[in-house]
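Residues per chain, in single letters:
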Amino acid sequence: MSERVRRLQESARRIRRYALDMGEVQGQGYIGQALGVADVLAVAYGDQLRFRPDDPEWDGRDRFLLSIGHYAIALYAALAEAGVLDVAELRTYGCDDSRLPMSGMASYTPGMEISGGSLGHGLGVATGMALGLRYRGSDARVFTLLSDGELDEGSTWEAALACAHHGLGNVTAIVDVNALQADGPTAGVLRTEPLLDKWKSFGWRAVRVDGNDIGQLVTAFDLLAEHRAAPSVLICDTKIGHGVPFLETRPKAHFMPVEPHEWQLAREALEVPA
Ligand SMILES: [Mg+2]
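Quick look at the structure, then. (Residues numbered from 1 in each chain as written. Predicted model: local features only at pLDDT ≥ 70, side-chain atom pairs only at ≥ 80, totals over all residues.)

## Looking at the overall build of the chain
Each helix and strand in the chain was counted, giving 10 helices and 7 strands. The C-alpha radius of gyration computed for the chain amounts to 17 Å, which stays within 12% of the reference 19 Å derived for 274 residues, consistent with globular compactness. Counting only C-alpha atoms and orienting by the principal axes, one finds that the chain spans roughly 50 × 45 × 40 Å. Put simply, 74% of the contacts in the chain that link residues at least 6 apart link residues at least 24 apart. (Helix = DSSP H or I, 4+ residues; strand = E, 2+ residues; numbered from the N terminus. Rg over C-alpha atoms; globule rule 2.2 N^0.38 Å. Contact = placed C-beta atoms within 7 Å.)

Right under this line is the structure:
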């Protein structure tokens, strides 16, 4: 295993731990999703994105748009790991007057580029932002993290059409395919497969990986970074609760119930080698 992969695995472990710490503060949170997407965020922030931790609004930064506002707990953990947020601030998660509300809002949090949560809008915003950057001659890239549930939204596919039409090679969409959404398993709510074929037919460069395999993520991100003729999408198959075995199989995983004593058990489970 390369040093690069080992370093990012450690980063992902800290992101998971920070998310559990925040979940414990409120006794709840979208912790299953945070554990599932931690590897993707570790590679994005620890290896791919260009940014300045002490200047989150630096004009030359790559933009990372969290379309899924309810994943804010995961992004706060990644921003703390990246040095944009102070780790100590995570203790304020979801509290009155905190900069870290339970759903992501750009007006509150350094490094939070958009207010997500009305689902299906991240890719449209990314498209406009990427056009604007291109007009300005900027080489900054725009990443947006979507859920598989957001592929049920017509607005996502409209944006996919527009993004390809304008040849926005500065856009990378990342789809967290955890096979679940608020109303049940994605395959049962609305069938969206075959995803690779669909995105390719919309004119996108599409790659699919195990989103909990850092080595695969690094290779895929590298590949897509070289390709700037069309927008790129990285489809990441992830497991809800990944890294904490007793949460990976928990029912009602979309807004997973966690007992007060289980947060510490979960942290301990993270330290056990897989
Ligand atoms: Mg989902």
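## Structural notes on the pairing of strand S1 (residues 63-66)
Across the two faces of S1 the burial is the same, with Arg63 and Leu65 and Phe64 and Leu66 all buried. Where S1 lies against strand S2 (residues 142-147), 4 bridges are found, and the strand directions are parallel. If you follow leucine 66 over to S2, its bridge partner there is leucine 145. (Buried ≥ 20, exposed ≤ 12 C-beta atoms within 10 Å, placed from the backbone. Pairing = 2+ DSSP bridges.)

## Quick word on helix H3 (residues 72-82)
Owing to its 3.6 residues per turn, the α-helix aligns residues three or four sequence positions apart on the same side. The buried fraction of H3 amounts to 11 of the 11 residues, a majority that puts the element mostly inside the structure. Where H3 is buried, its residues meet helix H1 (3-26), helix H2 (31-48) and S1. One or two steps after H3, the chain reaches glycine 83, where phi turns positive at roughly 90 degrees.

## Overview of the sheet that holds S1
Reading across from one edge, S1-S2-S3-S7-S6 is the order of the 5 strands in this open sheet, with parallel pairing throughout. A strand with exactly one partner marks an edge of an open sheet, and here the two such strands are S1 and strand S6 (205-210). When the angles between neighbouring strand axes are averaged without regard to direction, this sheet yields 20 degrees. Taken together, the 6 bridges between strand S3 (residues 171-177) and strand S7 (residues 232-237) define a ladder with parallel strand orientation. Counterpart to alanine 173 in the pairing with S7 is valine 233. (Axes fitted to C-alpha atoms, helices over the stretch in contact; angles between N-to-C directions.)

## Comments concerning helix H5 (residues 154-165)
Between its terminal C-alpha atoms H5 stretches 17 Å, which fits the 16 Å expected from 12 residues at 1.5 Å a residue. All of the buried residues in H5 are Thr156, Ala159, Ala160 and Cys163. Down the axis of H5, the smallest arc covering the buried residues is 105 degrees, so these residues share one side. The exposed residues of H5 that point more than 90 degrees off its buried face are Gly154, Leu161 and His165. Buried residues in H5 make contact with helix H4 (122-135), S2 and S3. Looking one or two residues past H5, glycine 167 carries a phi angle of roughly 60 degrees, positive in sign. (Expected span 1.5 Å × (residues − 1). Arc of directions from axis to C-beta.)

## Observations concerning the environment of histidine 70
Turning to its location among the elements, histidine 70 is positioned in the loop between S1 and H3. By the C-beta count within 10 Å, which is 21 here, histidine 70 ends up buried. Along the sequence, histidine 70 and glycine 29 sit 41 residues apart, while their C-alpha atoms lie 8.5 Å from each other. Apart from residues lying up to four places away in sequence, histidine 70 is in contact with Tyr30, Ser103 and Gly117.

Keep in mind these values describe shape, not function.
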